[in-house]
Amino acid sequence: MSNHLYISADAGEMSRVAADFFMETAKKAVAGRGRFVVSLSGGSTPEALFRLLAGPPWSQQIDWPKVHVFWGDERCVPPDSPDSNSRMARLALLDQAPVPESQVYPIDGTLPPEAAAALYDIQLREFFDWSAPVFDLVLLGLGDDGHTASLFPHTPVLTEKKRWAKEVLVEKLNSWRVTLTAPVITAATCIAFLAAGEKKAGVLKEVLVGPYRPEELPAQLVARSGAEVHWFLDEKAAGKMEDVNKIK
Ligand code: 6PG
């Protein structure tokens, strides 16, 4: 079974369970490989998780100087924009956690989207010594429309197989973004989605047990890839998952 579900009573408990998982995954990576390479998600859901990780008991048990931080996607906005995923992570976590700045790799939202994506692509390849991009953990969210990272429905990036990072125009949001591509996400040792609230219940069920239609539900590119995928949910988001055992 490649999808593991952890259903919590509410979003607060979900964040605490996810913080424990993040901490244990970090410990395992540092013990095994001397570093923890993580890709953070954006949006609103992970902020509570990041705030927990910045404080006790989790913060003291993570070897922050051995952590390397990337992002799964970024909006093409300045780093001080309220829409910036890296800004949210810095305020909630990175301004408190002693990760060396040289080990934090934000996507440059001030560049033209194509240039920002090309630069991030090269940074990733150089970091992984031009071999496979194996993150220890990729954190993801789930959009109401079935997107994850910035893999949005009916966008060309969904079939991108060569690039590790690519620009994408999200027409309905009139917004340019840069995203990790599906092959990079699914190459990760461990992938963790966080989804809370009843607005996610329908799309979650479709992504996990509905017909395979990744053009409409890009999160299926990850959930149905066979990679190890963990889902941190509250009861509302899991509200339509009648039979969890049917999930592959
Ligand atoms: C972004 C995220 C995006 C997010 C989902 C869920 O840049 O917005 O990367 O993929 O994870 O849209 O967002 P919420 O957590 O706000 O529901």
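One structure accompanies this document, and this report is about it. (Residues numbered from 1 in each chain as written. Predicted model: local features only at pLDDT ≥ 70, side-chain atom pairs only at ≥ 80, totals over all residues. Heavy atoms only, no water.)

## Some points on the overall build of the protein
What the protein contains, in helices and strands, is 7 helices and 9 strands. Its C-alpha radius of gyration of 17 Å places the protein within 12% of the 18 Å reference for a compact globule of 248 residues. Summarising its shape, the C-alpha atoms of the protein cover approximately 45 × 40 × 35 Å along the three principal directions. Of all 248 residues assigned to the protein, the portion counted as buried reaches 55%. When contacts within the protein are restricted to residue pairs at least 6 apart in sequence, long-range pairs at least 24 apart make up 74% of them. In the structure as shown, the protein presents an accessible area of about 10700 Å², 53% of it carried by carbon and sulfur atoms. A distance of 3 Å separates the average location of the 26 positive side-chain charges in the protein from that of its 32 negative side-chain charges. (Helix = DSSP H or I, 4+ residues; strand = E, 2+ residues; numbered from the N terminus. Rg over C-alpha atoms; globule rule 2.2 N^0.38 Å. Buried < 20%, exposed > 50% of the residue type's maximum accessible area, 1.4 Å probe, protein only. Contact = heavy atoms within 4.5 Å. Areas by Shrake-Rupley, 256 points an atom, 1.4 Å probe, with all protein chains shown as cover. Lys, Arg positive; Asp, Glu negative; His and termini not counted. Charge placed at Lys NZ, Arg CZ, Asp CG, Glu CD.)

## Considering the side chain of Asp-234
Note that Asp-234 resides in strand E9 (residues 229–234). Put simply, Asp-234 is tucked away with no salt bridge, and the nearest opposite charge, on Lys-236, sits 5.9 Å away. Within the local environment of Asp-234, its side chain forms a polar contact with the backbone nitrogen of Ala-237, the two atoms lying 2.8 Å apart. Look past the residues within four positions of Asp-234 in its chain and what remains in contact with it is Ile-7, Ser-8, Asp-10, Ala-11, Met-14, Ala-195, Ala-196 and Gly-197. (Salt bridge = Lys/Arg side-chain N within 4 Å of Asp/Glu carboxyl O. Polar contact = N/O pair within 3.5 Å; in protein donor to acceptor, adjacent residues only side chain to side chain.)

## A word on the pairing of E9
Extensive coverage of E9 is indicated by the burial of 6 of its 6 residues. Side chains of E9 alternate between two faces, with Val-229, Trp-231 and Leu-233 and His-230, Phe-232 and Asp-234 buried alike. Across 6 bridges, the pairing between strand E1 (residues 3–8) and E9 is parallel. Looking at E9, one finds that Ile-7 is bridged to Leu-233. Pairing of strand E8 (residues 191–195) with E9, which is carried by 5 bridges, proceeds in the parallel orientation. Residue pairing across strands places Ile-191 opposite Val-229, the latter belonging to E9. (Pairing = 2+ DSSP bridges.)

## A short note on unusual backbone geometry
With an omega of -5°, the peptide bond between Pro-56 and Pro-57 qualifies as cis. Take Pro-57: it is sitting in the loop between helix H2 (46–53) and strand E3 (67–71). Backbone geometry at Trp-130 places phi at a positive 60°, although glycine is not the residue there. Residue placement: Trp-130 occurs in the loop between helix H4 (113–127) and strand E5 (137–141). Although it is not a glycine, His-154 adopts a positive phi angle of roughly 60°.

## Quick notes on the packing of aromatic side chains
Summed over all chains, the structure comprises 14 aromatic pairs. Relative to Phe-128, the ring of Phe-127 lies with its centre 5.0 Å away and its plane at 90°, an arrangement referred to as edge-to-face. With relative accessibility at 12%, the residue Phe-127 sits in the buried group. Ring centres 6.5 Å apart and planes at 70° place the aromatic pair Phe-128 and Trp-164 in the edge-to-face group. (Phe/Tyr/Trp six-rings, centres within 6.5 Å; stacked < 30°, edge-to-face > 60°.)

## Digging into the site of the ligand
Around the ligand, the surrounding shell holds 15 residues, and the nearest of these are Ser-44, Thr-45, Asp-73, Ala-149 and Lys-200. A distance of 2.9 Å is found between an oxygen atom of the ligand and a side-chain nitrogen or oxygen belonging to Asn-85. One nitrogen or oxygen atom from the side chain of Arg-177 is found 3.3 Å from an oxygen atom belonging to the ligand. Surface burial for the ligand is 87%, taken as the share of its 420 Å² of free accessible area covered by protein chains. The class makeup of the residues in the shell around the ligand is 2 nonpolar, 9 polar and 4 charged. (Near = heavy atom within 4 Å. Nonpolar A, V, L, I, M, F, W, Y, C, P; charged D, E, K, R; others polar.)

## Topic: the packing of helix H1 (residues 11–33) against H2
As a packed pair, H1 and H2 sit with axes 9 Å apart at the nearest point and diverge in direction by 55°. Considered as vectors, H1 and H2 are oriented oblique to each other. As H1 packs across H2, the resulting crossing turns out to be right-handed. Between H1, through Ser-15, Arg-16, Ala-18, Ala-19 and Phe-22, and H2, the contact on the second element is made entirely by Ala-48, Leu-49, Leu-52 and Leu-53. For the contact of H1 with H2, a count of residues per class yields 7 nonpolar, 1 polar and 1 charged. (Axes fitted to C-alpha atoms, helices over the stretch in contact; angles between N-to-C directions. Parallel < 35°, antiparallel > 145°, perpendicular 65-115°, else oblique. Left-handed = near helix turned anticlockwise from the far one by under 90°.)

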